[in-house]
Amino acid sequence: SREKKTVALTIGDQEISNAELNYYYINQVQNFANQYGDYLYMVGLDTTKPLNEQVINEELGKTWADNFMMSAQNAIKSTYALYDMAVKNGHKLTEAEQKSIDSTLSNYELYAYYYGYKNVDAYLRGTYGNGASEKSYRNYLEVSALANSYLAAYSDSLEYTAQDLLDYQAKKPYEFNSYTYATYYLNASDFREGGTKDDKGNVTYS
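Read on for an overview of the structure. (Residues numbered from 1 in each chain as written. Predicted model: local features only at pLDDT ≥ 70, side-chain atom pairs only at ≥ 80, totals over all residues. Heavy atoms only, no water.)

1. Some thoughts on the overall build of the protein chain
Here is the rule we go by: The numbering of helices and of strands both runs from the N terminus, where a helix is a DSSP run of H or I of at least 4 residues and a strand a run of E of at least 2. Relative accessibility under 20% of the residue-type maximum defines a buried residue, over 50% an exposed one, and the middle range a partly exposed one, all with a 1.4 Å probe and only protein chains included.
For the protein chain, the count of helices and strands is seven helices and six strands. Along the protein chain, helices and strands appear, N-terminal first, in the series α-β-β-α-β-β-α-α-α-α-α-β-β. The 206 residues of the protein chain split such that 25% are buried.

2. Some remarks on the pairing of strand E1 (residues 7–11)
The side chains of a regular strand alternate, first on one face of the sheet and then on the other. Inclusion rule: Should DSSP find at least two bridges between two strands, the strands are taken to pair.
The pairing of E1 with strand E2 (residues 14–17) spans four bridges and is classified as antiparallel. Residue pairing across strands places Thr10 opposite Glu15, the latter belonging to E2. In this antiparallel pair of consecutive strands, E1 and E2, the connection spans two residues, and Gly12 shows a positive phi of 60 degrees.

3. Things to note about the packing of aromatic side chains
Each aromatic ring pair is summarised here by two numbers: the centre-to-centre distance and the angle between the ring planes. To keep things clear, this is the line we draw: Any two rings among Phe, Tyr and Trp, with Trp reduced to its six-membered ring, count as a pair given centres within 6.5 Å; such a pair is stacked if its planes are under 30 degrees apart, edge-to-face if over 60, and tilted if neither.
Here the structure, examined in full by the defined rule, presents 19 aromatic pairs. Taken together, a centroid distance of 5.8 Å and an interplanar angle of 75 degrees make the contact between Tyr80 and Tyr83 edge-to-face. Highlighted residues: Tyr80 and Tyr83, both in helix H3 (residues 64–88), separated by three residues, approximately one helical turn. Tyr80 gets classed as buried once you look at its relative accessible area, which sits at 4%. Residue classification places Tyr83 among the partly exposed positions, given a relative accessible area of 22%. Aromatic pair Tyr150 and Tyr154: ring centres 6.4 Å apart, planes at 20 degrees, arrangement stacked. Residue Tyr150 and its partner Tyr154 are both found in helix H6 (residues 134–157); the two are separated by four residues, about one turn of the helix. By relative accessible area, Tyr150 is classed as buried at 13%. For Tyr154, a relative accessible area of 45% corresponds to the partly exposed category. Aromatic ring contacts, followed pair by pair, group Tyr23, Tyr24, Tyr108, Tyr111, Tyr114, Tyr115, Tyr117, Tyr123, Tyr128, Tyr137 and Tyr140 into a single cluster.

Below, the structure is given as structure tokens:
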């Protein structure tokens with residue numbers, strides 16, 4: 001289909017199709033929803049409305065759809081950077097990692113049957129949109145798994161001790177003693193019951 005072939009994004013030498021971009025995009029949305037669960041309303045996300053109709057930044061005119069698309073693109077960049085290094089260094093998936101991918105797709109066969117889809121391709125299209133297929137989703141899983149596997153192996157290969165970190169901190173304390181942060185203000189009265197409101201709208205509690 002067109003979504004399988006249309007290039008939505010180019011990362012280095014990698015051409016990312018519309019279908020593959022959708023895998024990353026939808027999974028960013030799902031991960032965010034799982035993280036906040038019943039408290040999505042506290043960050044201003046309404047799951048009953050389309051994401052591209054909910055503005056997250058009035059000044060820039062950015063929507064939740066824009067936010068998740070940026071997250072998806074960043075995930076693709078970091079995944080393929082690690083994937084390329086894994087391939088370059090001859091890193092392979094372990095038997096257990098490959099079996100995990102096979103198991104995921106086997107589960108999708110059960111989901112397809114349970115939800116009334118005729119096969120995995122149809123189930124994936126229902127979840128990720130036109131262009132999704134078992135073949136392309138397997139490739140997505142394998143690329144992601146190889147990237148994560150390489151990162152884990154690389155991290156394990158680093159050798160340093162707690163004393164090494166203390167010595168480094170002593171030499172460059174500014175890297176450990178400064179920080180950046182973001183704040184998100186909530187109106188406490190929106191989450192408390194009772195209280196008395198004056199003419200200016202201020203609420204006091206006894």
